[in-house]
Amino acid sequence: MKSRNILFLLFVVITLKISGQNDHNTKISYVDYVNPLVGSDSAFDFSNGNTYPAIATPWGMNFWTPQTGKMGNGWGYTYDANKIRGFKQTHQPSPWINDYAAFALFPETGKLKINEDARSSWYSHKTEISKPNYYKVYLADYDVTTEITPTERGAQFRFTYPKSESSHVLIDGFFKGSMVKVFPKERKVIGYCRNNSGGVPDNFHNYFVIYFDKDFEKISTWKADKEEKINNFILKNSLEAEGYHVGATLSFKTNEGEQVTAKVASSFISLEQAELNLSREIGTDSFEETKSKAANLWNKELGRIEVDGGTTEQYRTFYTALYRVLLFPRKFYEIDRNNKIVHYSPYNGKVLPGYMFTDNGFWDTFRAVFPFFTIMYPEYLSHVMEGLVNTYNESGWLPEWASPGHRDSMIGSNSAVNIADAYLRGIRGYDVETLYQAIIKNSNKKGPLSSVGRFGAKHYNKLGYVPYDVGVNESAARTLEYAFADWSIAELAEALGKPQEEIDLFRLRSKNYKNVFDPKIGFMRGKNKDGSWAKTFTPDKWGDAFTEGSSWHWTWSVFHDPMGLAKSFGGVHKMEKRLDEVFTAAPTFNDSYYGQQIHEITEMLVGDMGQYAHGNQPIQHAIYLYNWLGKPWKTQKLIREVMDKLYTSAPDGLCGDEDNGQTSAWYVFSAMGFYPVAPGTGQYAIGSPLFKNVKLHLQNGNIFEMKVPNNSYENIYIHSINKNKSTYNKNYITFEDLMDGATFSLEMSNQPNRKLRTGKESRPYSMSQQKK
């Protein structure tokens, strides 16, 4: 009898083990791995992502999110908050950029409460479900459950009420200008909101329409002045209101468990277009049908990358990161009554034909987000390039940081990098000649904001660097980013058959990184107009000549010429020694430029990796540089350490600002086993893949595969590589490898193979080593 029980238990254990192994591909949809709450356990002074749970479809024009923060607060949802005060439509790409075009719905019971502080309700994460396609939470103060499911330009809400003589839905149009109007017979509310944080024309509106499936027994509107003081606050029996901050309240009786559904859509063009968006995207669909459609959209995109042979936690972290990569830049276009693609221009205020995208900062996303699109989403990227053409035609400039129009944030002219990479990788369908002219204009002058065009271009083009002492802040960082952009321009100019002298000019400028490198100390630093070095330098001084980092971080920003950088150091071994020191040096810092310890500094300190600051973008590629230095195993060790240590699927699962998907894109690439150190080269430095198997389902129908059968937590080092069953000795894979659907087979070990891929022939691209 005992032996039978033992055999039965053994059978159950084996069955469960096999079932657990297969769950990833057969029983759980990809969307169920995603936790949109990752990154939401953040604050102004310390970021674990600075994200909010975006209830959205991929690149949707509108997102939705529960609102715990005050109206206008960039930290709209924080995980440690106890109360929810609304469920808002949001377009926020970053708390530092803040939101625009937000309005909210909120259910109540009992005595009506309008003020956002007074109405806020206790809730618990124990009753909260957060998925990209679905959100659910219980509002304890009102005994109401709220559910939301999205479309590209709308959403469905479902409120489950208790038995109540006084149940309500509030529609809050938010401050800075709003309007509401109720049509009782149609169970409809229309309105607009105008709130923004900059970057909009004077005629900017977000028009919305909402349909309910229950009659309204009472209707009131309300308004507040600029100080949010009560000003005839509740207007009983009023069907409309317009002013600085207005809203509407719809009241009715409900039975126990009664559900009230609201269908919502909006438009930046008109109320008529909002109605059209709603009828197209929701129509007669039930809440469950919309929820299922949104899940299918996510599963289609997330499932284009299959990973297997990892833990459930690794799957959750990976697919959550992938979800973040597929949010920005958002679609800012609509489909008109004649099925034509049109957009409201956030640059000149006109309704014009063609694509438009926004909520993107190239300073962040040129590094990995756009290179990811180049591989996985060439059709989408072609549309984005069309949108860039429209932006240039409508504003006269490329959008280095758009939300929704030009915003004065960050540095560089990094749009050139991704335009060049897209064209060089064969992506077509847009006016590249116009984009090229826009790039040339960018390279020669400052735009209407310091983040548009090139701040300090006159000095850079004359001296070969942006001087430290001419009133252009963060001068060394600008020089480094301009130099990489110049390399990209030269590559694009050559591909377009431009005059040789034009190509040569930008190739020469791409070497300007050398002008801010001090070989005596082995660091990048600020240089004065007269050629002398700035006297304020310390390697750990944040800001000053650099952007959100120190020379420890920016010294490696020579994406296009690592071997040229090594030569400046005085040789590969000297560069390797300094790179080693990044991870072993004491995490000291000099914050005198800012006058306080900014959150990026704190995030570096708690990471416990010396001077390495993964929570901000400038140094995220540096680990991969060992591939150029003949020590690829150092990359492999550090890549795994960062993935295992600094990323999880918990609300504090990121390690700094997420920034439009860039920090997540780093993880997606690194978990797959390679990374685009230098967009534009078509090469991807090899790291240490996290999973036993990775499949990329490409738009051309091919499947690229990374097979790593003996991968494990301990086996982090690559012992050997085969490409299509032939020995492979490069430290990179190519774009052609990916597009052709090559299969890479890796044998892993718990000890580094110090003889594998160490020679010059294994190095990835460096400009200074290319044959002329």
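Located above this text is the structure these notes cover.
Residues numbered from 1 in each chain as written. Predicted model: local features only at pLDDT ≥ 70, side-chain atom pairs only at ≥ 80, totals over all residues. Heavy atoms only, no water.

Participant: Got a sec to walk through the overall build of the protein? Specific residues and values, please.
Facilitator: When you go through the protein residue by residue, the secondary structure sums to 20 helices and 36 strands. Taken along the three principal axes of its C-alpha coordinates, the protein extends 85 × 80 × 50 Å. Within the protein, the fraction of its 772 residues that count as buried is 65%. Contacts spanning at least 24 positions in sequence make up 70% of the contacts within the protein whose residues lie at least 6 apart. Of the roughly 28000 Å² of accessible surface on the protein, a fraction of 50% belongs to carbon and sulfur atoms. Looking at the protein, you have 87 positive and 85 negative side-chain charges, and the mean spots of the two groups are 4 Å apart. (Helix = DSSP H or I, 4+ residues; strand = E, 2+ residues; numbered from the N terminus. Buried < 20%, exposed > 50% of the residue type's maximum accessible area, 1.4 Å probe, protein only. Contact = heavy atoms within 4.5 Å. Areas by Shrake-Rupley, 256 points an atom, 1.4 Å probe, with all protein chains shown as cover. Lys, Arg positive; Asp, Glu negative; His and termini not counted. Charge placed at Lys NZ, Arg CZ, Asp CG, Glu CD.)

Participant: Outline the environment of A241, supporting the account with residue identities and numerical values.
Facilitator: With respect to the element layout, A241 can be found in strand β16 (residues 240-243). Look at A241 and you get buried, because its relative accessible area is 7%. Measuring from C-alpha to C-alpha, the distance between A241 and T221 comes to 6.2 Å, with 20 residues separating the pair along the chain. Apart from residues no more than four positions distant in its own chain, A241 is found in contact with S178, M179, V180, T221, W222 and V246.

Participant: Describe the packing of aromatic side chains, naming the residues involved and giving the relevant values.
Facilitator: Any aromatic ring pair is given by two values, namely how distant the centres are and how the planes are angled relative to each other. Going through the model one piece at a time under the given rule, you end up with 64 aromatic pairs. Their ring planes at 85° and their centres at 5.0 Å tell us that W59 and Y377 sit as a pair that is edge-to-face. Here W59, found in the loop between α1 (2-26) and β1 (63-67), pairs with Y377, found in the loop between α7 (369-376) and α8 (378-395); they are 318 residues apart in sequence, far enough to count as distant. Just above the ring of F106 sits the side chain of R119; from NZ or CZ to the centre is 5.7 Å. (Phe/Tyr/Trp six-rings, centres within 6.5 Å; stacked < 30°, edge-to-face > 60°. Lys NZ or Arg CZ within 6 Å of the ring centre and 35° of its normal.)

Participant: How would you explain the sheet that holds strand β29 (residues 674-675) if you had to name every residue and give the values?
Facilitator: Spatial ordering of the open sheet is given by β29-β30-β35, a layout of 3 strands whose pairing is antiparallel. The open sheet has two free edges, formed respectively by β29 and β35 (732-734), since each of these has just one partner strand. In this structure, strand β30 (residues 683-686) lies alongside β35, joined through 3 bridges in antiparallel fashion. The residue bridging Y684 from the neighbouring strand is I733, located in β35. (Pairing = 2+ DSSP bridges.)

Participant: I'd like a description of the side chain of D99, backed by residues and values.
Facilitator: With respect to the helices, strands and loops of the structure, D99 is situated in the loop between β3 (86-90) and β4 (103-109). A distance of 2.9 Å separates a polar atom in the side chain of D99 from a polar atom in the side chain of T90. For D99, the side chain forms a polar contact with the main-chain nitrogen of Q92, separated by 3.1 Å. For D99, the residues in contact, after removing those within four places along its chain, are K88, Q89, T90, H91, Q92, N196 and S197. (Polar contact = N/O pair within 3.5 Å; in protein donor to acceptor, adjacent residues only side chain to side chain.)

Participant: Quick one: what's the story with the pairing of strand β8 (residues 144-150), residue by residue and with numbers?
Facilitator: Remember that side chains alternate between the two faces of the sheet whenever the strand is regular. Counting buried residues along β8, 7 of its 7 residues qualify, which places the element largely inside the surrounding structure. Of the two faces of β8, both are covered, the one formed by V144, T146, I148 and P150 as well as the one formed by T145, E147 and T149. Both strand β7 (residues 134-139) and β8 contribute to a ladder of 5 bridges, which runs antiparallel. Counterpart to L139 in the pairing with β8 is V144. Between β7 and β8, which follow one another and run antiparallel, lie 4 residues, and D143 among them has a positive phi close to 55°.

Participant: Please give an account of the packing of helix α5 (residues 312-325) against helix α19 (residues 662-672) that cites residues and values.
Facilitator: Between α5 and α19, the shortest axis-to-axis distance is 8 Å and the interhelical angle comes to 130°. Considered as vectors, α5 and α19 are oriented oblique to each other. The handedness of the crossing between α5 and α19 comes out as left-handed. Where α5 abuts α19, its residues Q314, T317, F318, A321, L322, R324 and V325 lie against S664, A665, Y667, V668, A671 and M672. Residue composition of the contact of α5 with α19, grouped by class: 9 nonpolar, 3 polar and 1 charged. (Axes fitted to C-alpha atoms, helices over the stretch in contact; angles between N-to-C directions. Parallel < 35°, antiparallel > 145°, perpendicular 65-115°, else oblique. Left-handed = near helix turned anticlockwise from the far one by under 90°. Nonpolar A, V, L, I, M, F, W, Y, C, P; charged D, E, K, R; others polar.)

Participant: Describe the environment of Y161, naming the residues involved and giving the relevant values.
Facilitator: Counting through the fold element by element, Y161 comes out in the loop between β9 (154-160) and β10 (164-172). Once the C-alpha coordinates of Y161 and E108 are considered, the two residues, 53 residues apart in sequence, prove to be 8.7 Å apart.

Participant: Lay out the sheet that holds strand β34 (residues 726-727) in plain terms, naming residues and giving numbers.
Facilitator: Taken in spatial order, the 6 strands line up as β19-β31-β32-β36-β33-β34 in an open sheet, and their pairing is mixed. Each having just a single partner strand, β19 (305-308) and β34 make up the two edges of the open sheet. In this structure, strand β33 (residues 717-723) lies alongside strand β36 (residues 743-749), joined through 6 bridges in antiparallel fashion. Its bridge partner lying in β36, N722 is registered against S745.

Participant: Quick rundown of unusual backbone geometry? Include the residues and the values.
Facilitator: With an omega dihedral of -5°, the bond running from F328 to P329 counts as a cis peptide bond. Checked against the element boundaries, P329 lands in the loop between α5 and β20 (330-331). Residues other than glycine seldom take positive phi values, yet M410 does so here, at roughly 65°. Unlike most non-glycine residues, D608 shows phi in positive territory, near 55°. Here D608 shows up in the loop between α17 (599-607) and α18 (632-646). Residue D608 is classed as exposed on the basis of its relative accessible area, which comes to 60%.

Participant: Before we move on, could you go through empty space enclosed by the protein and cite the residues and values that matter?
Facilitator: If a probe the size of a water molecule is rolled over the atoms, the empty space left behind becomes visible. Enumeration over the complete set of coordinates arrives at 10 cavities of 30 Å³ or more. Looking at the largest cavity, it is lined by 17 residues, and the ones nearest its centre are N50, T51, P93, F328 and E658. Split into classes, the residues belonging to the lining of the largest cavity amount to 6 nonpolar, 7 polar and 4 charged. In this structure, the second largest cavity occupies an estimated 90 Å³ of space. Forming the walls of the second largest cavity are P329, F357, T358, N360, F362, F370, V384, G387, L388, T391, P399 and A402. Looking at the lining of the second largest cavity, the elements that each hand over two or more residues are β24 (357-358) and α8. No other element matches the 4 residues that α8 contributes to the lining of the second largest cavity. When its residues are assigned to classes, the lining of the second largest cavity shows 8 nonpolar, 4 polar and no charged. (1 Å grid on protein atoms, 1.4 Å probe; cavity = no way out; pocket = protein on both sides within 12 Å on 5 of 7 lines; lining within 4 Å. Points joined across faces, edges and corners; volume = space filled by probe spheres on them.)

Participant: Which residues make up the pattern of salt bridges, and what values go with them?
Facilitator: Applying the stated rule across the entire model yields 32 salt bridges. Between R153 and E281 there is a salt bridge, with the nearest N and O atoms lying 2.8 Å from each other. Note that R153 is positioned in the loop between β8 and β9 and E281 in helix α3 (residues 271-281), a separation of 128 residues in sequence. Take R153 and E281: they sit in the same class, and that class is buried. (Salt bridge = Lys/Arg side-chain N within 4 Å of Asp/Glu carboxyl O.)

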